[in-house]
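Letter by letter, the chains look like this.
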Amino acid sequence: MKKYKAAILGMGNMGRAHAGSMLKLEDVELAALCSYPKDDAEKYAAEHELSCRIYDDGFKMIEEEDLDILYICLPPFAHQGQLEAAAQKGINVFIEKPIALDVARGEAMAKAVKDNHVYSQVGYQMRFGGAVRRFKEMLDSKKAGKPTLYTANYECNSLHSPWWRDAAKCGGQVFEQVIHLYDMSLYLMGAPKEVSGFVANMCHQDVEGYTIEDTSISNIVYESGALGSISGSNCAVKNQWNGKFRIVCEKMVAEFTDQNHAVFIYTDGDEPRTEIVETDDDVTFLEDTYFLGVVKGENPPFADIEAGLTGLKMVAGVVESSKGNGKIVEIS
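Residues numbered from 1 in each chain as written. Predicted model: local features only at pLDDT ≥ 70, side-chain atom pairs only at ≥ 80, totals over all residues. Heavy atoms only, no water.

### Some points on the overall build of the protein chain
Let me state the cut-off plainly: Going along the chain from the N terminus, every DSSP run of H or I of four or more residues is numbered as a helix, and every run of E of two or more is numbered as a strand. A radius of gyration in this sense is built from C-alpha atoms; the matching globule rule multiplies 2.2 Å by the number of residues raised to 0.38. Relative accessible area decides the class of each residue, using a 1.4 Å probe on protein chains only: under 20% of the type maximum gives buried, over 50% gives exposed, and in between gives partly exposed. The contact definition used throughout considers only heavy atoms, calling two residues in contact when any of these lie within 4.5 Å. For the area figures, the Shrake-Rupley method with a 1.4 Å probe applies, and any residue is considered shielded solely by the protein chains shown. For the purpose of counting charges, residues Lys and Arg are taken to be positive, whereas Asp and Glu are taken to be negative. His and the chain ends are not included. A single reference atom marks each charge: NZ on Lys, CZ on Arg, CG on Asp, CD on Glu.
Each helix and strand counted, the protein chain has 10 helices and 15 strands in total. On C-alpha atoms alone, the protein chain measures out to a radius of gyration of 20 Å, which is about the 20 Å that the 2.2 N^0.38 rule sets for 332 residues. Its C-alpha atoms give the protein chain principal-axis dimensions of roughly 60 × 50 × 40 Å. The buried share of the protein chain, taken over its 332 residues, is 53%. Considering only contacts in the protein chain between residues 6 or more positions apart, those separated by 24 or more positions represent 68%. Split by element, the accessible area of the protein chain, about 15200 Å² in all, is 48% carbon and sulfur. Taken together, the 33 basic and 50 acidic charged side chains of the protein chain have centroids lying 2 Å from each other.

Here it is, written out as structure tokens:
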């Protein structure tokens, strides 16, 4: 059995989560870890008794290691060409969202993937939830009917890390967190045509170094003519991170409390019928397993860099719209 060599660039929460997946997959060898400074990577290797090489320079790791897969789990501001370097070497890339802080940078990354004919996937793990997958099957089979309206809300209340609350380093809450709900709308409602919105800092104006929004709202028009609205808040309940969304279709309404839990209300009969969907799927492991299948030629590409670029255009469009007093921004 061929062993696919993988490396992790960035050993924060998501880097550790993906490394955990690699350790569970029999046909993957975790060849290298990289963090700056080395401490996080060294600590993880020691915890799991790994003999892989440890780096504090991502470019050096890409140059020296013979890799099949690179996981890029860096904060947005730290994306400085590592993806392009990996693609040019023929390494398949998995990158966490958002892929960049601006659209031009995202387009350059997508071009590098395309030009070098490597596989890519973006960390949109909500797509792999059991309730989401069940609903997508109903959309594809036409049992749900035409999707007409998407509403979503992301809420939390946390200062997170210093880089996260710095707009120059993370882009804002819409870039870092609410983007998952924008991707859900892309995946389930289809391509977006235009977006408008507003962002504001309502509760953290006196917090030093807090330059991002803590309140956001947007309206979306999809290519199909369907409509959507997505809101976000960092002023809600502490120690809770909630991403909920609701989709109204011709034949049913789907209400999701997260990617694994939903209530389906069927409206195509004389009386509405209700189905409760509950799963406990490990969505990070599922997305990692799927991407390995892509690299092996067993799965078609999914949630790839182009989806990451569209998601980036949507959240960047919301911020741009707000600066223009809610002007409409076309998503090309």
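And the narrative resumes.
### Side note on the sheet that holds strand β2 (residues 28–34)
Formally: Pairing between strands requires that DSSP locate at least two bridges from one strand to the other. Here an angle of 0 to 180 degrees is reported between the N-to-C directions of two axes, which are lines fitted to C-alpha atoms, with helices fitted over the stretch in contact.
Taken in spatial order, the 6 strands line up as β3-β2-β1-β4-β5-β6 in an open sheet, and their pairing is parallel. Two strands in the sheet have a free side with no partner beyond their single neighbour: β3 (53–55) and β6 (120–122). Across the sheet, the mean angle from the axis of one strand to that of its neighbour is 20°, orientation sign disregarded. When strand β1 (residues 4–9) meets strand β4 (residues 69–72), the two strands line up parallel, connected through 4 bridges.

### A few points about the environment of Met109
The topology assignment puts Met109 in helix α5 (residues 103–115). Sequence spacing of Met109 and Ile305 is 196 residues, and the spatial spacing of their C-alpha atoms is 7.9 Å. Each residue touching Met109, except ones within four places of it in the same chain, is listed here: His79, Leu83, Glu84, Ile95, Ile99, Ala100 and Ile305.

### Some thoughts on helix α9 (residues 283–295)
Here is the rule: What a helix should span is 1.5 Å times the count of its residues minus one.
Under the 1.5 Å per step criterion, the end-to-end length of α9 is 18 Å for 13 residues, consistent within 8% with the ideal 18 Å. Where α9 is concerned, the buried positions are Val283, Thr284, Glu287, Asp288, Tyr290, Phe291, Leu292, Gly293, Val294 and Val295. Along its buried surface, α9 packs onto β1, α1 (13–24), β2, β4, β5 (92–95) and β6. Phi turns positive one or two residues past the end of α9, at Gly297, with a value near 85°.

### Remarks on a negative patch on the surface
For clarity, the threshold we go by: Exposure above 30% relative accessible area and the absence of a salt bridge qualify a residue for a patch, where like charges join within 9 Å and nonpolar side chains (Val, Leu, Ile, Met, Phe, Trp, Tyr) within 5 Å. Here a salt bridge means any side-chain nitrogen of Lys or Arg lying within 4 Å of a carboxyl oxygen belonging to Asp or Glu.
A contiguous patch of negative charge on the surface is contributed by Asp39, Asp40, Glu42, Asp56, Asp57 and Glu63. At 3 residues, the largest contribution of residues to the negative patch is made by helix α2 (residues 39–47). Here Asp40 is to be found in helix α2.

### Digging into the side chain of Asp27
On the secondary structure map, Asp27 appears in the loop between α1 and β2. When neighbours within four sequence positions are excluded, Asp27 is seen to be in contact with Met1, Lys2, Lys3, Tyr4, Leu292 and Lys296.

### Looking at the nonpolar core
The line we're drawing: To form a nonpolar core, buried Ala, Val, Leu, Ile, Met, Phe, Trp, Tyr and Cys residues must be joined to one another through side-chain atoms within 4.5 Å.
Among the nonpolar cores identified, the biggest contains 101 residues, and Leu70, Phe135, Tyr150, Phe245 and Phe264 are the most heavily contacted of them. With residues near it in sequence (within four places) discarded, Phe264 still touches Ala131, Arg134, Phe135, Met138, Met252, Val253, Ala254, Phe256, Arg273, Thr274, Glu275 and Val277.

### Description of the sheet that holds strand β11 (residues 242–249)
An order of β14-β13-β12-β11-β7-β10-β9-β8-β15 is seen for the 9 strands of this open sheet, with the pairing classed as mixed. Two strands close off the open sheet at either side, each with one partner strand: β14 (273–278) and β15 (329–330). Pairing of strand β13 (residues 261–266) with β14 involves 6 bridges; the strand directions are antiparallel. Residue Phe264 lies in a different strand from β14, and its bridge partner there is Glu275. Packed onto the sheet, helix α6 (residues 130–140) meets β7 (147–155), β11, β12 (252–258), β13 and β14 and runs at close to 30° relative to β13. Those strands touched by helix α10 (residues 305–323) are β8 (192–200), β9 (215–222) and β15, and its axis lies near 50° from that of β8.

### So, the packing of aromatic side chains
Heads up, the condition is: Only rings of Phe, Tyr and Trp enter the pairing, Trp through its six-membered ring, and a pair is recorded when the two centres are within 6.5 Å. The plane angle decides the type: under 30 degrees is stacked, over 60 is edge-to-face, the rest tilted.
Under the counting rule described, the total for this entry stands at 12 aromatic pairs. A centroid spacing of 5.4 Å and a plane angle of 70° characterise the contact between Tyr187 and Phe302, whose relative ring orientation is edge-to-face. Of the two residues, Tyr187 sits in helix α8 (residues 173–189) while Phe302 sits in the loop between α9 and α10, which places them 115 residues apart along the sequence. According to the relative accessible area criterion, Phe302 is buried, its value standing at 18%. Aromatic side chains Phe256 and Phe264 sit 6.1 Å apart centroid to centroid with 65° between the ring planes, which places their arrangement in the edge-to-face category. By relative accessible area, Phe264 is classed as buried at 0%.

### Some words on the state of the cysteines
Disulfide: a covalent bond formed between the sulfur atoms of two cysteine residues. So the rule is basically this: Put simply, a disulfide is two cysteine sulfurs that come within 2.5 Å.
Per the stated rule, a full pass over the model turns up 0 disulfides. With no disulfide of its own, Cys73 lies 11 Å from the sulfur of Cys34, the closest cysteine sulfur.

### Notes on the pattern of salt bridges
Enumeration according to the criterion identifies 15 salt bridges in this entry. Note that Asp183 is salt-bridged to Arg127, the shortest N-O span being 2.8 Å. Pair noted here: Asp183 is in helix α8 and Arg127 is in the loop between β6 and α6, with a separation of 56 residues, a long-range link. Just as Asp183 is buried, Arg127 falls in that class too. Between Lys136 and Asp140 there is a salt bridge; the shortest N-O distance is 2.8 Å. Of this pair, Lys136 and Asp140 both sit in helix α6, separated by 4 residues, roughly a single helical turn.

Fair warning: the whole summary comes from geometry, so function is off the table for now.
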